[in-house]
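Examination of the molecular architecture
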Amino acid sequence: MNATDLIQLDQQHIWHPYSQVNSPNRPLAVKRAQGVHLELADGSQLIDGMSSWWSAIHGYNHPELNHAVQRQLENMAHVMFGGLTHAPAVELAARLVELSPAALNKVFFCDSGSVAVEVAMKMAIQYWQSQSQGEKHRFLSLLRGYHGDTFAAMSVCDPVTGMHHMFSEVLTQQLFTEAPRCGFDQAWQQEFITDFQQHIEQHHACLAAVILEPIVQGTGGMRMYSPQFLRQVKQLCEKHNVLLIADEIATGFGRTGKMFACEHAAISPDILCLGKALTGGYMSLAATLCTDQVAEVICSGEAGVFMHGPTFMGNPLACAVANKSIELLTHSQWQDNIRRIEGVFKQRLPEFLNLEAVAEVRCLGAIGVVELKQAVNIPQFQQTIVKRGLWLRPFGKLVYSMPPYIISDLQLNTLLDITYHAVSCIKES
Ligand SMILES: *Cc1c(COP(=O)(O)O)cnc(C)c1O
């Protein structure tokens, strides 16, 4: 099929993320992808500054990841996980337990990040039900947070920036506390925890858990915050008998400079959600980890079991590629590499402050953010950068990049040059 027909058929039949059908903004057809590049139907090459939404950390078409999938395919693509097991899932669970903060010893595999959040919330609710404390079934989360698109996950997203405000009438009403005010490197003041403290003191009797994205709030605002905030949240959760769910779906696997963002604060949550980079961007897989204690309490309850089990749970192909992706990461000098990328962001982002349209810049690990004064005209912005060989997908006022870890200094500088040019073309309206 030629590229024109392909786009036309696409527009006739397909929903893309957060889009109208028959959108006037045509998607770009990708023919193949290699390393940090997406190759379009017309043969042009774009540096992918998004890692396909945080996931393709090793770049595309990686020979060892390809090989891991091919080898597993020769044995089996899938078998049900109810009553059966297999090496790819067992090895992956052991790896995740080994890699993740202490205490997290039990692994529940599922299909996607949003489902991992549903599972985490269900675990927290069942944990209290099993102890005849069913009144503890609500969640406290942070403004500017994002946890996914399914209904329970939506209920803990920021009611405004989390993109789900139109559903507020039908969602379970949860509790929200102010977004962390203290930047990652900023000096801590005790008043920064006051709002959170008041909420947990007042509502702990009805709270199953606090849920948050540790250190970096992603899709709800690309904000980096002080490890001190996370440390104090953990202490207050313990003090008031509320579980802590860390949603590391975006931050996990090295993105922030630590394997998991919780390590910046040296804390271990009760429940941890992983997804996105878990398979190196190859396929959809997520995991919810919990402590032995959470698992034991759930299984001691009336039901005696945890009430969840997706059809494609622990898919062997996905687990096989996840095992290889983690092996590639842990066998590399990944910390030096993330520091290298962060170094380039740190050096280059301040230049953007010279531009009329720019309000603020920030970075942490392999995440660089340019916050504009006004919302970006996304189609126009993308047209400018695609012409010069770059792929980014800004949202709202945020132009940001989290490139594959294999990006070279030269490629990263090109990415920033093109971004700088496109931001400099933005006219005040
Ligand atoms: C992307 C994301 C999710 C949802 O994951 P999906 O795989 O898109 O369902 C949940 N939480 C965070 C922090 C995310 O970044």
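As the structure is a computational prediction, the values presented were derived from the model and not from experiment.

About the cut-offs
Throughout this document, residue positions are counted from 1 along each chain, in the order its sequence is written. This being a predicted model, a pLDDT of at least 70 is required before a residue's local features are given, and a value of 80 or more before pairs of side-chain atoms are given or counted; all residues contribute to the totals for chains, interfaces and linings. In computing side-chain properties, one takes all heavy atoms of the structure into account and sets aside hydrogens as well as water. A cavity, in this analysis, means grid points on a 1 Å lattice covering only the protein atoms where a 1.4 Å probe fits yet has no way out; a pocket is instead an open set bounded by protein on both sides within 12 Å along at least five of seven lines, and a residue lines either one if it has an atom within 4 Å of a point. Grid points are joined across faces, edges and corners, and a volume is the space filled by probe spheres set on the points. Helix numbering and strand numbering both begin at the N terminus, where a helix is a DSSP run of H or I of at least 4 residues and a strand a DSSP run of E of at least 2. Gly is put with the polar residues, along with every residue not named as nonpolar or charged; the nonpolar set is Ala, Val, Leu, Ile, Met, Phe, Trp, Tyr, Cys and Pro, and the charged set is Asp, Glu, Lys and Arg. The definition of a nonpolar core used throughout is a set of buried Ala, Val, Leu, Ile, Met, Phe, Trp, Tyr and Cys residues joined through side-chain atoms within 4.5 Å. Here the term buried applies to any residue with accessible area under 20% of the maximum for its type, exposed to any over 50%, and partly exposed to those in between, with areas from a 1.4 Å probe on protein chains only. Note: domain ranges come from an automatic or database domain assignment. In this description, contact between two residues means that some pair of their heavy atoms is separated by no more than 4.5 Å. What makes a patch is a set of residues exposed beyond 30% relative accessible area and free of salt bridges, joined within 9 Å when like-charged and within 5 Å when nonpolar (Val, Leu, Ile, Met, Phe, Trp, Tyr). Only the protein chains shown count as cover for residues, and all accessible areas are computed by the Shrake-Rupley method using a 1.4 Å probe. The salt bridge definition used is simple: a Lys or Arg side-chain nitrogen within 4 Å of an Asp or Glu carboxyl oxygen. In this analysis, strands are considered paired if DSSP registers two or more bridges between them. Geometry is summarised by axes, namely lines fitted to C-alpha atoms with helices restricted to the contacting stretch, and by angles between N-to-C directions that run from 0 to 180 degrees. Summed over both partners, the accessible surface that disappears when two parts come together, traced with a 1.4 Å probe, is what is meant by buried area. Whenever a nitrogen or oxygen atom comes within 3.5 Å of another N or O atom, the pair is scored as a polar contact, on the condition that within protein one atom can donate a hydrogen and the other can accept it, and that pairs from neighbouring residues in sequence are kept only if both atoms are in side chains. Whether a residue is near a molecule or strand depends on its heavy atoms: it is near if one of them lies within 4 Å of it. Multiply 1.5 Å by the residue count of a helix minus one, and that product is the helix's expected span. What the arc describes is the spread of directions from the helix axis to the C-beta atoms. Positive charges come from Lys and Arg alone, negative charges from Asp and Glu alone, with His and the N- and C-terminal ends not counted.

1. So, empty space enclosed by the protein
Empty space among the atoms becomes apparent when a probe as large as a water molecule is rolled across them. Throughout the structure, instances matching the rule amount to one cavity of 30 Å³ or more. Counted as a void, the largest cavity has a volume near 60 Å³. Lining the largest cavity are F345, L349, G368, V369, V370, L392, V399, Y400, S401, L415, L416 and T419. Those elements that provide at least two residues to the lining of the largest cavity are β14 (367-372), β16 (398-401) and α13 (409-424). For the lining of the largest cavity, the class distribution of residues is nine nonpolar, three polar and no charged.

2. Some points on the nonpolar core
Core analysis: the biggest nonpolar cluster contains 120 residues, and L96, V210 and F253 have the highest contact counts within it. Broken down by element, this core gets its largest block of residues, 10 residues, from helix α5 (residues 113-129). Mapped onto the domain boundaries, this core takes at least three residues apiece from domain 1 (3-61 + 333-424) and domain 2 (67-330). The contact partners of L96, leaving out residues within four places of it in the chain, are V107, F109, F253, L274, L278, A287, L289 and I326.

3. Some points on a nonpolar patch on the surface
Where nonpolar side chains cluster on the molecular surface, the patch consists of M1, L6 and L9 and spans about 310 Å² of accessible area. For M1, the position within the fold is in the segment before α1 (3-13). Take M1: its relative accessible area is 72%, and that puts it in the exposed class.

4. Side note on the sheet that holds strand β5 (residues 138-142)
Strand pairing in a sheet relies on backbone hydrogen bonds, with the paired strands running either antiparallel or parallel. Read across the sheet, seven strands follow the order β4-β12-β11-β10-β7-β5-β6 without closing on themselves; strand pairing throughout is mixed. Two strands bound the open sheet, and with one partner strand each, they are β4 (104-110) and β6 (175-177). When the angles between neighbouring strand axes are averaged without regard to direction, this sheet yields 20 degrees. For strand β11 (residues 271-274) and strand β12 (residues 286-291), the ladder comprises four bridges, and the chain directions are antiparallel. Looking at the pairing, I271 lines up with C290 of β12.

5. Quick notes on the domain arrangement of the protein chain
Assigned domains of the protein chain: these are domain 1 (3-61 + 333-424) and domain 2 (67-330). A separation of 26 Å is found between the C-alpha centroids of domain 1 and domain 2. Contacts between the two partners involve 25 residues from domain 1, matched on the other side by 31 residues from domain 2. Across the domain 1 to domain 2 interface the summed buried area is about 2400 Å²; carbon plus sulfur atoms make up 67%. When the buried area of domain 1 at its contact with domain 2 is split by residue, W54, W334 and L364 rank highest and sum to 33% of it. Counting the contacts that link domain 1 with domain 2 gives 11 residue pairs in polar contact (both at pLDDT 80 or more).

6. Observations concerning the sheet that holds β16
Taking strand neighbours across the sheet as the criterion, the three strands line up as β13-β14-β16 in an open arrangement whose pairing is antiparallel. Where the open sheet ends on each side, the last strands, each with one partner, are β13 (358-364) and β16. Across the sheet, the mean angle separating the axes of adjacent strands is 15 degrees when strand polarity is ignored. Strand direction decides the pairing type here: β13 and β14, joined by six bridges, are antiparallel. Note on β14: the bridge partner recorded for C363 is G368.

7. Quick look at the site of the ligand
Taken together, S112, G113, S114, Y146, H147, G148, E213, D247, I249, A250 and K276 are the residues near the ligand. A distance of 2.7 Å separates a nitrogen atom of the ligand from a polar atom in the side chain of D247. Contact between the ligand and K276: an oxygen atom at 2.6 Å from a side-chain N or O atom of the residue. In the complex, 82% of the free accessible area of the ligand, which totals 380 Å², lies under the protein chains. Taken together, the residues of the shell around the ligand break down into three nonpolar, five polar and three charged.

8. A few points about α13
With 16 residues, α13 extends 22 Å from end C-alpha to end C-alpha; this agrees with the ideal 22 Å at 1.5 Å per step. Within the span of α13, buried status applies to L412, L415, L416, I418, T419, A422 and V423. Summarising the axial view, the buried residues of α13 lie within an arc of 165 degrees, below the 170-degree limit, and thus occupy one face.

9. Observations concerning unusual backbone geometry
The backbone of S52 sits at a positive phi, close to 45 degrees, despite the residue not being glycine. Here S52 shows up in helix α2 (residues 51-54).

10. Overview of the pattern of salt bridges
Enumeration according to the criterion identifies 15 salt bridges in this entry. Across the salt bridge formed by K324 and E64, the nearest N and O atoms sit 4.0 Å from each other. Note that K324 is positioned in helix α10 (residues 316-330) and E64 in helix α3 (residues 63-75), a separation of 260 residues in sequence. Residue class for K324 comes out buried when judged on its relative accessible area of 16%. With a shortest N-O distance of 3.6 Å, R95 and E327 are connected by a salt bridge. Taken together, the positions of R95 in helix α4 (residues 87-99) and E327 in helix α10 put the pair 232 residues apart, joining distant regions of the chain. Among the ionic contacts, a cluster of salt bridges with common partners joins E64, R95, K324 and E327.

11. A look at the side chain of D158
Positionally, D158 belongs in the loop between α6 (151-155) and β6. In this structure, D158 is buried with no salt-bridge partner, the nearest side chain bearing the opposite charge being R144 at 4.8 Å. Polar contacts involving the side chain of D158 include one to the main-chain amide nitrogen of R144, which spans 2.5 Å.

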